[in-house]
Each structure stands twice: as C-alpha cells, then as structure tokens.
Amino acid sequence: MKKIIVTGALGHIGSKLIRDLPDYLENPEITMIDNLTTQRFSSLFNLPRHNYTFYLKDILEDDLDQIFKKSDVVVHLAALTEATTSIDQPEEYERVNYLGTKKILELCKKHSVKMIHFSSTSIYGTKKKIVDENCDKEDIKPQSPYASTKLKEELLVQNYFNKKNVKTKTLRLGSICGTSPGMRFHAAISKFCFQASIGQPLSVWETALNQKRPFLSLNDATRAIAFVIKNNLFDGGVFNVVTSNFSVKEIIQIIKKYEPKVQIKLVKSKIMNELSYEVSSKKIQKKGFIFSKNLDDRIKDTINLFKSIEN
Ligand SMILES: NC(=O)c1ccc[n+]([C@@H]2O[C@H](COP(=O)([O-])OP(=O)(O)OC[C@H]3O[C@@H](n4cnc5c(N)ncnc54)[C@H](O)[C@@H]3O)[C@@H](O)[C@H]2O)c1
C-alpha cells in the first residue's frame, strides 16, 4: 500500500486525481492538503468510501513534518495557476509556486519522499513546428510570469535530484480539458465550453485562431500521474504530457458538434503572442503510456455540465 500526499488536492486536477487514484493503484492511502484559498469546498463533497485524510493547511505557512514523515510520494499540485493574473502579481506567483516547491522539496529530502512536480507546456515559446523535452535552449521561452516560475521550479527540482538525492519526476502538462468537482473555467477549452453553453460568443484572442497549442485530457493527466507512481519513474527527468495539439479553430470545430450555433468575438490579451507550435509527448509514450485518441468526449462532458437533465 502506497501512502500518497496530494497538495492542492481540491483544485481542478487534484479533485479528480483523489477520486481516480484508488482505481489505478492498489489501495493507496491518500492524504490531501489544500489551503482552500480558492474556496473549492465542493471538491470534498461525496468522496467515495476510501482511505482519505484532509488537512486544511498552507504549504508555505504550516508545519507539514508529521504528514511527510509517514508518506511515500507527494503529488505536488498546490500552486497559483492563472497565466493572465500572474502579470499583475509576479511576486505572489514566485512566492507560492517557487518557494512552495522549495519547501516541499526540503520535506522530501528530510523524509525520503518521492515527488511528482508539475510544470507546464507554456514554458515553451518557439516558431518551430514541434518541440520535445530535448529541444534547444532557445525554444524554451516562457511568455508569462506564471510560466517563468514553472521553469524556475523545474531547475530547482533538477538540482534537488542531482545534488540532494531527492527522487523526482517533472510532468509538463498541456492545457487541461475535462471536468472535475473542483474545476475552473479560465483556461481556453473550459471557458469556450461555458460561453458556448450559455449562448455567449467565444472570446478568442486576436492572434489565436490558427495558433497550435498542446492540450491534455484530464483523464490522461490523472492516468499519467498514476503511471509514474506505479512504474517508479522517479529518475529526475521530464515528460511532456499532451493528448493533442490543436489550433483554436480546430477546438471550435469540435465545440460546434455539440453547440452548432456558436459565434466568436476576437479580444486582446496581455499575454497573447504570434507563436504557434506543437509539443511532442513521444517520450512518455515510449515508456508505454497510451493517450486518449482525442478530446471530443472531454469537450462534450464539459458542455453537458450546463445542460438540463431529462426527467
Ligand atoms: N490546469 C491546467 O491546465 C494546467 C496546465 C499545466 C500545468 N498545470 C499545473 O498543475 C498544477 C495543478 O493545477 P490545477 O489546474 O489543478 O490548479 P488549481 O488552481 O485548480 O488548483 C490548485 C490548488 O492549490 C491550492 N493552493 C494554492 N496555494 C496553496 C498553498 N499555499 N497551500 C495549500 N494549497 C494551495 C488551491 O486552493 C487549489 O485548490 C499546478 O502546478 C499547475 O501549474 C495545470
């Protein structure tokens, strides 16, 4: 039986992960930590019968020694996660994301806990058609303070692996698509699904229609986390985790299958740019991980959240 800590357990990814892990791992003991700043109490509603413990704690402010003492793996999801708001609060993003990761790494070192760290495919910034984990240095160009802190965290995690003997794996996730009890609607696909469902035009960044970007089914995200734990892939390396690369135009075509009347409105954003690229996830696939075929079902699930139920 593995004892697993999930920080940020009540967030978009965490709230699905805590429900999925018992299906993927043999009888895991799941310890959830979240400071509830984002008020996602709903993530704790109706949890299935399982070995769960929840701690209302802040990863930076609170003493987590007793929790780490008894654990095998930490899935470190706690973070501030909106690229757009990070422009106005770069110091707070640095504090929670970078210093928060540092605190978790120190606890891992002290208590010999393995760590899954989460970065983002938004650390890439290139005009190349496709990039992978071995890309040139110049293809890594974060376009927001959020993405910059993610890159800085990656370097710190590598340092703890190389010099302080902490067993780690970094997952660079594509933009998440899929439903969970603690889901948010600020990222592209979820926001478009919501706008389409309430009959509003989709607010598409002026530059974005034909730009390709990497997306990740939430189901693939939680399976990938379990895959790393199950196969003990804590080799200090990085995996891109991406289901499909799409342009916004292609995403809108999928949304139109379920909401045919959808309109778009072009808007400006402080973090829009002219870059278009795809991110390869062949490295994790070579280890045996299989992604879903497409994102259609996740988009359908999201739109269906806003449909009334017959009977
Ligand atoms: N969602 C995506 O599209 C996406 C894409 C790439 C990478 N990621 C990464 O995955 C991780 C999780 O993302 P998410 O979408 O689930 O985020 P989220 O914002 O939905 O959840 C983060 C959770 O962390 C908690 N939290 C924040 N600060 C905390 C603190 N100091 N102490 C304790 N809890 C704290 C919040 O209350 C929240 O419940 C993040 O590292 C994010 O950068 C997410």
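Placed above this text is the structure.
Note that this is a predicted model, so its numbers are computed, not measured.

1. A word on unusual backbone geometry
With phi around 50°, asparagine 46 is a residue other than glycine that occupies positive phi space. Assignment of secondary structure puts asparagine 46 in the loop between strand 2 (29–34) and strand 3 (52–56). When its relative accessible area of 77% is taken as the criterion, asparagine 46 is described as exposed. A positive phi angle is found at serine 112, which is not glycine, with a value near 50°. Following the sequence through the fold, serine 112 ends up in the loop between helix 4 (90–111) and strand 5 (114–120).

2. Some words on the site of the ligand
Of all residues adjacent to the ligand, which total 29 residues, the nearest are Asp34, Arg40, Thr81, Tyr146 and Arg184. Take arginine 40: an N or O atom from its side chain is 2.8 Å from an oxygen atom of the ligand. Interatomic distance of 3.3 Å between a side-chain N/O atom of aspartate 58 and a nitrogen atom of the ligand. Taking 830 Å² as the accessible area of the ligand by itself, protein coverage stands at 96%. When contributions to the shell around the ligand are tallied by element, the ones reaching two or more residues are strand 5, helix 5 (145–164) and strand 8 (175–177). If one sorts the elements of the shell around the ligand by residue count, strand 5 sits on top with three residues. Class assignment for the residues of the shell around the ligand results in twelve nonpolar, eleven polar and six charged.

3. Description of the environment of lysine 69
Note that lysine 69 resides in helix 2 (residues 65–69). The exposure class assigned to lysine 69 is exposed, which follows from its relative accessible area of 53%. Along the sequence, lysine 69 and lysine 110 sit 41 residues apart, while their C-alpha atoms lie 8.5 Å from each other.

Conventions used here
Residues numbered from 1 in each chain as written. Predicted model: local features only at pLDDT ≥ 70, side-chain atom pairs only at ≥ 80, totals over all residues. Heavy atoms only, no water. Helix = DSSP H or I, 4+ residues; strand = E, 2+ residues; numbered from the N terminus. Buried < 20%, exposed > 50% of the residue type's maximum accessible area, 1.4 Å probe, protein only. Near = heavy atom within 4 Å. Polar contact = N/O pair within 3.5 Å; in protein donor to acceptor, adjacent residues only side chain to side chain. Areas by Shrake-Rupley, 256 points an atom, 1.4 Å probe, with all protein chains shown as cover. Nonpolar A, V, L, I, M, F, W, Y, C, P; charged D, E, K, R; others polar.

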